[in-house]
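This is what each chain is made of:
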Amino acid sequence: AHASSFGCHPLFGDSIQSPVGQIVALTDFNRTNPQHLVFEQILIEAGLIINHLSSVEHDRYMSVVQALTHFTLLSFVGTISKDGLHPRDLLQLQTPNFRFLYAFASRILRLSPATSGSIQFTKDAKEIRNKFLEYALSLNQRFSDAKSIGQCTSLVESIRANFTEPEIVEGVEVAAVAVDSLHR
């Protein structure tokens, strides 16, 4: 018998209500292998969204999608706890952005520490964390050195210039739905 393999990475955890509409990354998938196709069809019939990519692409993308996202959220809640602030006090004055950052950070805190640790352990994760910190320190310095609100505004505009209007609109629309759900 001939054996073959490919990677299957569900991009969701056990806290979701349903797998329908969730993404699964299939790496090094062989579209000519009948066994691979049967497995893929099972996932599709379960309502999952399939994304095919190489294992190298997967690891590079996951360094941003998972490692950088988790690191950013852990840094956010870690800063809160190190500063002696308590979420119960902050939540009384929450903005939608704060509430969602805190909510998503809480999801990361709820994960198995071994899962979070393994996400941060890769070479790609280390590289993206270092790029993030380098950029964050540089941005912090530029905000600190600014002589006016106008200079701070220009910094924000320079970041925004790296994104297309449709990319920004898509994010704003997702955020609007999320914020709207808070008022139900």
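To start, this report covers the structure provided alongside it. A quick note: this is a predicted structure, and the numbers were derived from the prediction, not measured.

Quick look at unusual backbone geometry
Keep in mind that most residues, glycine aside, have a negative phi and that most peptide bonds are trans.
Here's step 1: In this structure, Asp-28 is a non-glycine residue whose phi angle is positive, near 50 degrees.
Here's step 2: On the accessibility criterion, Asp-28 (44% relative accessible area) is partly exposed.

Considering the layout of surface pockets
Here's step 1: Counted as a void, the largest pocket has a volume near 1100 Å³.
Here's step 2: Lining the largest pocket are 16 residues, with Thr-69, Leu-73, Asn-97, Leu-101 and Phe-104 positioned closest to its centre.
Here's step 3: Broken down by secondary-structure element, the contributors of at least two residues to the lining of the largest pocket are helix H2 (55-82), helix H4 (96-110), helix H6 (123-145) and helix H8 (165-182).
Here's step 4: If you tally residues by element for the lining of the largest pocket, the top one is H4, at five residues.
Here's step 5: When its residues are assigned to classes, the lining of the largest pocket shows 14 nonpolar, two polar and no charged.
Here's step 6: Its volume calculated, the second largest pocket comes out at about 700 Å³.
Here's step 7: Around the second largest pocket, the lining comprises 22 residues; the ones closest to its centre are Phe-12, Gly-13, His-70, Arg-107 and Leu-111.

Some remarks on the packing of aromatic side chains
Here's step 1: Applying the stated criterion to the full structure yields five aromatic pairs.
Here's step 2: Taking the centre distance of 5.2 Å and the plane angle of 80 degrees together, the rings of Phe-6 and Phe-29 count as edge-to-face. With Phe-6 in the segment before strand E1 (7-10) and Phe-29 in the loop between strand E2 (23-27) and helix H1 (34-45), this pair connects stretches of sequence that are 23 residues apart.
Here's step 3: With relative accessibility at 24%, the residue Phe-6 sits in the partly exposed group.
Here's step 4: With a centroid separation of 5.9 Å and 90 degrees between ring planes, the pair formed by Phe-71 and Phe-132 is classed as edge-to-face. In this pair, Phe-71 is assigned in helix H2 and Phe-132 in helix H6, connecting sequence segments 61 residues apart.
Here's step 5: Under the relative-accessibility criterion, Phe-71 is labelled buried at 18%.

Comments concerning H1
Here's step 1: Taking 1.5 Å of rise per residue, the twelve residues of H1 would be expected to cover 16 Å, and the 16 Å separating its terminal C-alpha atoms lies within 8% of that figure.
Here's step 2: By the burial criterion, the buried members of H1 are His-36, Glu-40 and Leu-43. For H1, the arc enclosing every buried residue in end-on projection is 55 degrees, short of the 170-degree limit, so these residues lie on one face. Facing away from the buried surface of H1 by more than 90 degrees, the exposed residues are Pro-34, Gln-35, Val-38 and Glu-45.

Cut-off values and rules
Residue positions are given per chain, counting from 1 as you read along its sequence in written order. In keeping with the model being predicted, local features are shown solely for residues with a pLDDT of at least 70 and side-chain atom pairs are shown and tallied solely at 80 or more, while totals for entire chains, interfaces and linings include all residues. For side-chain calculations, the full set of non-hydrogen atoms in the structure is used, while hydrogens and water are omitted. Only protein chains enter the area calculation, which uses a 1.4 Å probe; residues under 20% of their type maximum are buried, those over 50% are exposed, and those in between are partly exposed. Each cavity reported here is a set of points on a 1 Å grid over the protein atoms alone in which a 1.4 Å probe fits but cannot get out, each pocket an open set with protein on both sides within 12 Å along at least five of seven lines, and each lining residue one with an atom within 4 Å of a point. Grid points are joined across faces, edges and corners, and a volume is the space filled by probe spheres set on the points. For the purposes of this entry, the term helix denotes a DSSP run of H or I that reaches at least four residues, the term strand denotes a run of E that reaches at least two, and both are numbered from the N terminus. Polar here means any residue other than Ala, Val, Leu, Ile, Met, Phe, Trp, Tyr, Cys and Pro, which are nonpolar, and Asp, Glu, Lys and Arg, which are charged; Gly is therefore polar. In summary, the pairing rule links any two rings of Phe, Tyr or Trp, Trp by its six-membered ring, whose centres are within 6.5 Å, and it sorts them by plane angle into stacked for under 30 degrees, edge-to-face for over 60 and tilted for everything else. Expected helix span is given by 1.5 Å per residue-to-residue step, counting one fewer step than there are residues. Comment: arc refers to directions from the helix axis out to C-beta atoms.

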